[in-house]
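Below are the chains, spelled out letter by letter.
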Amino acid sequence: DVVNTVGVRAVNKSVKNLVLDVQGAYQFGTYNPKIDPNARFISATDRAETSPRSAWGAEVIAMYDLKDIIATWEPSITGAYVYLSGESRDKTGKKSYKGWDPMFEDQTFGHLINAVMGFSNVHLVGASLKAKPATDITAKLDYVVGWFAKRYPEGRAAILSGVSGARQFTMGKTPLIGHEIDATLLYDYTEDVQLSLLGGILLPAKSINARSATDPFRQ
């Protein structure tokens, strides 16, 4: 399995208090289905085979500083969109594999959706409100909605990452994954050390029916 990633980024600060950040990336290399837990669920007539990678990712962020409106707490509001390409699970074989590989990500947008989906095959749209109620403390409230870039066929078994209690799921009709709300407190302990406390809730849609042979849990 080989993953190479190249990308470009542009940042614009020409408007007072507004920062626009646009990024795009392309992945190429070799896809090895032996490390993909969902490859086992592809039909025998269309079995996943080693194939070239061809995946895309994009991120658009707009951050507006509210300090001229609210002088205290240094508030800001951010809107974001993330796209990570996905692979149609019924069309693999020797064609290019188009699923985004999250590699070693160092940022998270939608913590619970990320845990469930593994940060791949998604569209994410969200908004964040951030403020500093104290010198060393930053508080942030996030709202994120996500849906599949490539919806799994209805009834298809799939393994989603980071879900305890039930490993195998069947997919529903809707491409909508769900809505998420996160609250974060970040404490600057020193110049080099930060401590954070995160709480979140995911309101899932009917795209995922949680049922497995080992745990008949239904969501």
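As shown above, the structure is provided for reference.
Definitions and limits used
Residues numbered from 1 in each chain as written. Predicted model: local features only at pLDDT ≥ 70, side-chain atom pairs only at ≥ 80, totals over all residues. Heavy atoms only, no water. Phe/Tyr/Trp six-rings, centres within 6.5 Å; stacked < 30°, edge-to-face > 60°. Helix = DSSP H or I, 4+ residues; strand = E, 2+ residues; numbered from the N terminus. Buried < 20%, exposed > 50% of the residue type's maximum accessible area, 1.4 Å probe, protein only. Core = buried A, V, L, I, M, F, W, Y, C linked by side-chain atoms within 4.5 Å. Pairing = 2+ DSSP bridges. Axes fitted to C-alpha atoms, helices over the stretch in contact; angles between N-to-C directions.

### Re the packing of aromatic side chains
- A full pass over the atoms with the stated rule returns four aromatic pairs.
- Their ring planes at 5 degrees and their centres at 3.6 Å tell us that Tyr31 and Tyr97 sit as a pair that is stacked. Residue Tyr31 is found in strand E2 (residues 18-31), and its partner Tyr97 is found in the loop between strand E4 (76-84) and helix H1 (111-117); the two are separated by 66 residues along the sequence. Of the two residues, Tyr31 and Tyr97, both sit in the buried class.
- An aromatic cluster is present here, built from Tyr26, Phe28 and Trp56 joined pairwise through their rings.

### Some thoughts on the nonpolar core
- Judged by nonpolar contacts, the single largest core of 22 residues is most densely connected at Met117 and Leu124.
- Broken down by secondary-structure element, the contributors of at least two residues to this core are E4, H1, strand E5 (122-134), strand E6 (137-148) and strand E8 (168-171).

### Details of the sheet that holds strand E3 (residues 51-65)
- Overall, antiparallel pairing links the eight strands, which are arranged E1-E2-E3-E4-E5-E6-E9-E10 in an open sheet. Edge strands, defined here as strands with exactly one partner in the open sheet, are strand E1 (2-12) and strand E10 (194-204). Going across the sheet, the axis of each strand differs from the next one's by a mean of 15 degrees, ignoring polarity.
- Here 11 bridges tie strand E9 (residues 176-188) to E10, and the two strands are oriented antiparallel to one another. Each residue of the ladder has a partner; that of Leu186, found in E10, is Ser196.

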